[in-house]
Structures are given as C-alpha cells and as structure tokens.
Amino acid sequence: MPFAILLALAAVSGGTLLTYLYDREASPLVRVCEGLCTGFAALGLVGFIIASFAGLQPAALVAAGLFVASPLILLRKAEWRARVRVDAREASRTLGRAITFRSGGATFVFYAAAAVLCWLVFRQAMYAGADGIFTGLDNNIGDLPFHVGIISGFVHGDNFPPEHPEFAGTRLTYPFLADFLTAMFVRAGASLEGAMFWQNFTLALSFVALLGRWAALVTGERAAGFLAPALVLFNGGLGFLQVFGEAARGGGLLHTLGNPTVYYTMMGDTYKWGNFVTMLLVPQRGLLLGFPLAIIVLTLWWQATSGEKGEGVKGKGEEGRGKREHREAATRKGEATKKGKRNVSSSDARAKSSAAAAQLTHSTPFPLTLSPFPFRQMLAAGVIAGLMPLVHAHSFVVLMGMGGCLALLLSWRGARDAVARGEVGKEAGAGWRGWFVFFAAATVVAAPQMLWATYRSDVQAGSFFGWQLGWDRGTLNPIVFWLKNTGLFIPLLVAALAWRGQKPLVSRRLLVFYLPFTLCFVVPNLLKMSPWIWDNIKILFYWWVASAPIVALLIVRLWRRGGAWRAAAAVSVVVLTLAGALDVWRVASGGMRQPVFTREGVEFAEMLKRETPPRSLVLHAPTYNHPVYLTGRRSLMGYAGHLGSHGIDYTERERDFARIFSGGPEAEALLKQYGVDYVVVGPLERRGGEMARIRAVVNETFFQRYTKVGQTGGYSLYKTSP
C-alpha cells in the first residue's frame, strides 16, 4: 500500500508542478486538482507503454512513477521553490481562515459538502462483505464486473496487448486507461476496492473544483461557480413529480423524499436523461477522468483566446502587472509591520504568487519557449487533449470538434475586429497560430493511441452510426420529451441567451464560445453515434456542462433582484435539481445492496487463479457477473449486452458456444478450434438467464470426460486442453 500511495503522489506532484507553466492564476486547490487529473492520465499512458514491453511488474511501476515525477527536478531552481512556498503558505492561511469562518467560509462549506457527497456516493460503487462483492447502484451491476474484468486482466492475466475481457482474441478498443491506472495501484499493493474508491473520489472532487472555477471564469460571477456544479451533479427533469403520487399512496411526502425507491431521472420510456453522478460518473469510469481533463482544456481555451493584452498577447503585460503587485504587497507588508501586525493578507500572498508566476513564465527551463504566453496555454491544452483517446474517446471527439468550430469562429471574429481597427490580419494571424499549436500538439500525442486502438480492430464501425430523430425518445414528441427530461433548463437557457436591456446577460465573447456546444445537442438528436442509442448521452452531456454556467448566471442575477425574482430563482433551483438530488441521495444513503459476485464465486475465482496460467482461455456462462472476471483469465464469450454496445459481432461465436455446452458431436472439435483451456460448470451455467436466452443447456456428462482441476462452492473446473 505505501508503494501505491507513493505512485499516486508522484503523479500528482509532477502534474501540479507543471501547471505553473501554463496556468498563472489558479488557486492552490485548483492547481492540485489540475495536477491530479493530468498526472493520473500521464501515469496511466506512460505506465501502459512501459508495461506493454516489460509487463506490469514493480520495475515498470517505478519507471512510470519516475517519469511523471520528473518535473520535480524544476525545484532545483530558486524561483520555482519560491513560488511553491508562496502557494503553500497561501493555501494554509486560506484554509485556516475558512475553517474559522473569518473569510472564505462559503467556499469551505461548498467543498466540504462536495467531499462528503463524493465520499458517500463512491463508497457505494463497490464494496466487499462476508457474502461477496456488492454495489449500491442498480445500473452499476453490469458495468462494475466489466471494469473489474479489465483491471484483473492487467493485474492477474498478463493481458498485453489487451484483449476484450469478454471476447478473447478481439483487441480491446474500449477506452481503458482509467482501469489500467487502477490496475497499476493494485499491482503496487492497494486492494481493488481501495484503489477504485480513492481514484474515483479524488477525480470526482477535482471535477467539481475545476468545473466551479471554469463557470466562475466564463461568467465573471463567483456565485455561478458554486451553482453550476450543482446543476451538473444534480441534473434531472420533471420526474420528481412522481413523488407526490407516491406520497399520496404511501407514508407521506417527507418519508417518500427521504426514502426514494426509483431513479426519478430514469423511468420507463419517458425519462432517459439520467443523473450525471448515478448514471455516468460512477458506472462509466472513463468519464470520471475524461470530463475533468476536458474542463481543463476548455479553461485554457478561454484564457488563451481572451484577446486581452494584459493577459499576455504580447507576453509582457502580466509580467509587469505581477512585479507591480509584488511591490505593492511589499509596501503593505511594511506598513502592517509598523502597526504590529504579523500576518500578511491573502491578497498580498496572491500578488506575490502572481509576480512569481510571471517570473516563471519568462524563465522556463525548457528549450522550447512559446511566446506569447497564450501559445503555451494552447500547447498545454493540445497535450492534455491528446491524452484522451484511451481515456474517453467521446470526450476526445467532442474536444476536437469544438476546437475546430471555435478556431473558425474566433479567428473570423478576430479578423473582422482587426479590419475595423485598420490592422488587417494582425489578430487573425495570432489566432490561427494558437489553434495550429493546439491541433499539432493534440495530434502528436493522440495519433499513436488512435492508430493502436484501431489497428486490426474487430469493431463493426457501421453499427455506431445511423439516423435517429430525437435521441432515445421512444414515441414521445421530441419537444415534449426534452421538456420532461430537462424541466426548466432549456427555457432558462433560452431566456439567458435572449436577455437584453442595458447590458446583455451573456457577453458576446461567451456567446461565441458557447455556440459550438449547441452541436453537442443537435447532432446526437439527429444521428445515432453508438450501437446503443442511449450512449449518445456521453456527447449530449457536454452541451449540458457548457450550458450550466449560463443558466447559473441567470439564476444568480434573478436572485440579486430580490422580491418575487428571488423566489423565482429559488424555485428554479429546486425544480432543476430535485429529481437528480433524489437519485443521488438514493445511492449516498446506502439504501441499495445489489450483489455482484457471491461469496462462492469469489472463492472459486481464487481457486481459478491458483490452478490456471494467466493467459488461459475459459469457457463459462455468458453472464455479466461471472467470477472468471475476477481472475483476469480470457473469456471465450461474456455478456452479449456489453459486446453489442461495443460494436462486436458475436453471433457466430454465440452459436458455437451453445453447441459446446450442449455436448453435441461437434463440441469437442469446437473446443479445439477455439483453443479453450478450461470449462466452468457451476450455478450460473446450470440456471436460466443468458443460458436460456441462447437456448443452451449444459451437458455435465459430456464435460466429465475431462480432468476436473478443482471444485468449490458448486463450481467445477475442467481442463479441456492437453
């Protein structure tokens, strides 16, 4: 376990230190969150490259850890140490004041509440008990074994190059970097349960902090930085109206609210806009790393395309301002000392930090110095985006698409403004160069991953695309469907964009920046982009994340008007978040206990790991939760629902699977054809479920001709290869 902690600290510390090269104004908390996400992504990618040649051995972990920790060598320079000391002191003073509620109390309460929420939710993602392994989310029953299968393949199955955990011989094209990162921590001594929890918890909390910072930055409203994450984490529609009917039939409104029995954002054919936390963040682990990385890229885009000379269009404004603030801070410090005050205010510390940031910006130790500073931000954005194909492919596609649209819009706008000023081509040239830096960096990092993932892939690309109007609406009218699923969100968004008066609510710059994200809503409502249409939500949700700060800004402005407007703002928040909050509470309260692997299944998995080589091919029932997934051994065929959603054509193997289990005349030849090493005959093979779906009945007499390797908990293991 100490080795796993050191590995994580190496990634976080290295990633955090690198943020000083591209993010001047981040608070220490945000800086650590940026470093954690980028450091984890880099650790996973570098670790995978090394392990592909050397195996997932301690030496490979050490090499990957040293690589991601290498930025610490920058601390040899005095200016780097000074900047870190300034930020550390600022963080300590800020935390002390927040805890005692002298200043920043609201921020402290917000992040403390977010930490408690993430803790309560992610402790339910997977937990072990005397009776087996469980999850506290209904919709995680199928996803958890799949991710466990990927992790176990790396840890126990020597799965390099990685094959699909449920379809042996097929390259794993599902983005697996988040699971490989967990495998690294497990191989370093952490338990599977502990590694998954701490990785999930820290990434989720980082996402909240990064989203809050981005929302405050683009809106110019600190309050929007608190409200926007709430609108994202507790997203939902009008499903909460079902509560009143349940309350009338049951024990009253308060009892129903405190003990929800259904997911109010996912009900029947009407409500499909599932809550972000319960339907996406917990079960789909790639999103948990992909979304915060995407938020970092969006923040860098916003900063780099500001067009403000003070922010470094010519690379000097920030340096001069930093030095001036440093001098002013020193003057204030001297005056405070004369008055007998020993403590320096947080604003003084931030001024020193800003000055130190400017100094680091213009004294980078690397041979390649990009000036003006926005170019360095675009380079960083490109590198971070390039990490994402094996983290979360949908997020990578969204970033590349949004980046292309923004490059066209912002460069056109810059050219138009330059013409108006009589500076033809000046701003347009700088804009295009910045975006060229971004796309070049992203391509260099991402292209090898994309080539590797698609080389000799068995995925049927045609199954991912097709026309379908209205996303997963069933027979509902598309407008009615979206109003029911998002409630007041779309009307409030339209109102915010249309707000006029002395000053528009949404600035022209924010409007231009937001416009491309409308495509994340329009395109998935016209085009099926996954074999399972519901998976379009992975792109749709980027529209929601981009829209949430704008809706939050509107609600904040309404609140400040007082009177009836304040009541309207409060009601809007309740309507927007109640359904999602009930879903999250249902999970966080621990009211559900769904078995995934039984105690007998866990015992059998341990026996299977002891008695079989790591790369063994095993035939077992094609269920989503077979204990073979705990062992890392290869499966001839697993759950058809997973395979179909990943674009894999399994029909022929499924027919052969049924023939083998029935023990017909061709069964022995098929075992040799597929190279099956072991066959499991246990409770899951004997009962219905997926076995009945494919009309397969296990012929135990046939398998008794083979050597029985072991037996435990009703499971028998037969060796079918020489």
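Further up the page is the structure itself.
Note that the structure is a prediction, hence the values are computed from the model and not measured. (Residues numbered from 1 in each chain as written. Predicted model: local features only at pLDDT ≥ 70, side-chain atom pairs only at ≥ 80, totals over all residues. Heavy atoms only, no water.)

A. Quick peek at the pattern of salt bridges. On inspection of all chains with the given rule, the structure shows 19 salt bridges. When the shortest N-O distance is used, the salt bridge between Glu-34 and Arg-213 registers 3.3 Å. Taken together, the positions of Glu-34 in helix H2 (residues 28-54) and Arg-213 in helix H8 (residues 192-219) put the pair 179 residues apart, joining distant regions of the chain. On the accessibility criterion, Glu-34 (2% relative accessible area) is buried. Among the charged side chains, a network of salt bridges with common partners joins Asp-23, Glu-34 and Arg-213. (Salt bridge = Lys/Arg side-chain N within 4 Å of Asp/Glu carboxyl O. Helix = DSSP H or I, 4+ residues; strand = E, 2+ residues; numbered from the N terminus. Buried < 20%, exposed > 50% of the residue type's maximum accessible area, 1.4 Å probe, protein only.)

B. Just the pairing of strand E12 (residues 715-719), in detail. Within E12, four of the five residues are buried, which leaves it mostly tucked inside the rest of the structure. Where strand E10 (residues 678-681) lies against E12, four bridges are found, and the strand directions are antiparallel. Residue pairing across strands places Val-679 opposite Tyr-718, the latter belonging to E12. Here strand E11 (residues 707-712) runs beside E12; their pairing, made up of five bridges, is antiparallel. Note on E12: the bridge partner recorded for Gln-711 is Ser-716. (Pairing = 2+ DSSP bridges.)

C. View of the sheet that holds strand E9 (residues 634-635). Across the sheet, five strands lie side by side as E9-E8-E10-E12-E11; this open sheet has mixed pairing. Bordering the open sheet on either side are E9 and E11, each of which pairs with just one other strand. Both strand E8 (residues 617-619) and E10 contribute to a ladder of two bridges, which runs parallel. Bridging from a neighbouring strand, Val-618 pairs with Tyr-678 of E10.

D. Main features of the nonpolar core. Core analysis: the biggest nonpolar cluster contains 168 residues, and Trp-301 and Phe-541 have the highest contact counts within it. Here this core gets 18 residues from one element, more than from any other, and that element is helix H23 (residues 537-561). In this view, Trp-301 contacts Met-378, Ala-381, Leu-399, Met-402, Gly-403, Leu-406, Trp-435, Phe-438 and Phe-513; residues no more than four positions away in its chain are not counted. Counting 34 residues, the second-largest nonpolar core is a separate cluster that includes Leu-671, Val-679, Phe-702 and Tyr-706. (Core = buried A, V, L, I, M, F, W, Y, C linked by side-chain atoms within 4.5 Å. Contact = heavy atoms within 4.5 Å.)

E. Structural detail: the state of the cysteines. The full count for this structure, using the stated rule, is zero disulfides. Distance from the sulfur of Cys-33, which forms no disulfide, to the nearest cysteine sulfur (Cys-37) is 6.8 Å. For Cys-37, a relative accessible area of 0% corresponds to the buried category. (Disulfide = S-S within 2.5 Å.)

F. Broad picture of the sheet that holds strand E7 (residues 594-598). Strand order across the open sheet formed by three strands is E1-E2-E7, with antiparallel pairing between neighbours. Two strands close off the open sheet at either side, each with one partner strand: strand E1 (127-129) and E7. Between one strand and the next, the sheet's axes are offset by a mean angle of 35°, whatever the strand orientation. Relative to E7, strand E2 (residues 132-135) runs antiparallel, the two being bridged by four bridges. Counted as the bridge partner of Gly-132 is Thr-598 from E7. (Axes fitted to C-alpha atoms, helices over the stretch in contact; angles between N-to-C directions.)

G. Quick look at the packing of H8 against helix H9 (residues 222-233). It is at 7 Å that the axes of H8 and H9 come closest, and there the two elements cross at 130°. Relative to H9, the element H8 lies oblique. In this structure, H8 meets H9 at a crossing whose hand is right-handed. Judged by residue contacts, Phe-207, Val-208, Leu-211, Gly-212, Ala-215, Ala-216 and Thr-219 of H8 engage Arg-222, Ala-224, Gly-225, Ala-228, Pro-229, Val-232 and Leu-233 from H9. (Parallel < 35°, antiparallel > 145°, perpendicular 65-115°, else oblique. Left-handed = near helix turned anticlockwise from the far one by under 90°.)

H. Up close: the packing of aromatic side chains. Evaluation of the coordinates by the stated rule reveals 56 aromatic pairs. Relative to Trp-482, the ring of Phe-481 has its centre 5.4 Å away and its plane inclined at 80°; by these criteria the two rings are edge-to-face. Seen from their ring centres, Phe-489 and Trp-543 are 5.7 Å apart, and the 80° between their planes marks the pair as edge-to-face. Here Trp-543 lies in helix H23 and Phe-489 lies in helix H20 (residues 489-498), a separation of 54 residues in the sequence. On the basis of relative accessibility, which here comes to 0%, the residue Phe-489 falls in the buried class. Judged by its relative accessible area of 4%, Trp-543 is buried. (Phe/Tyr/Trp six-rings, centres within 6.5 Å; stacked < 30°, edge-to-face > 60°.)

I. Region of the structure containing helix H19 (residues 478-486). Where H19 is concerned, the buried positions are Phe-481, Trp-482, Asn-485 and Thr-486. All buried residues of H19 lie within an arc of 100° about the axis, which places them on one face of the element. Taken together, the buried residues of H19 touch H20, helix H22 (519-522), H23 and helix H24 (563-588). By the N-cap criterion, in which a side-chain oxygen at the helix start approaches the backbone nitrogen of a residue two or three places on, H19 is capped by Asn-477, the distance to Ile-479 being 2.8 Å. Following H19 by one or two positions, Gly-487 has its phi on the positive side, about 60°. (Arc of directions from axis to C-beta. Polar contact = N/O pair within 3.5 Å; in protein donor to acceptor, adjacent residues only side chain to side chain.)

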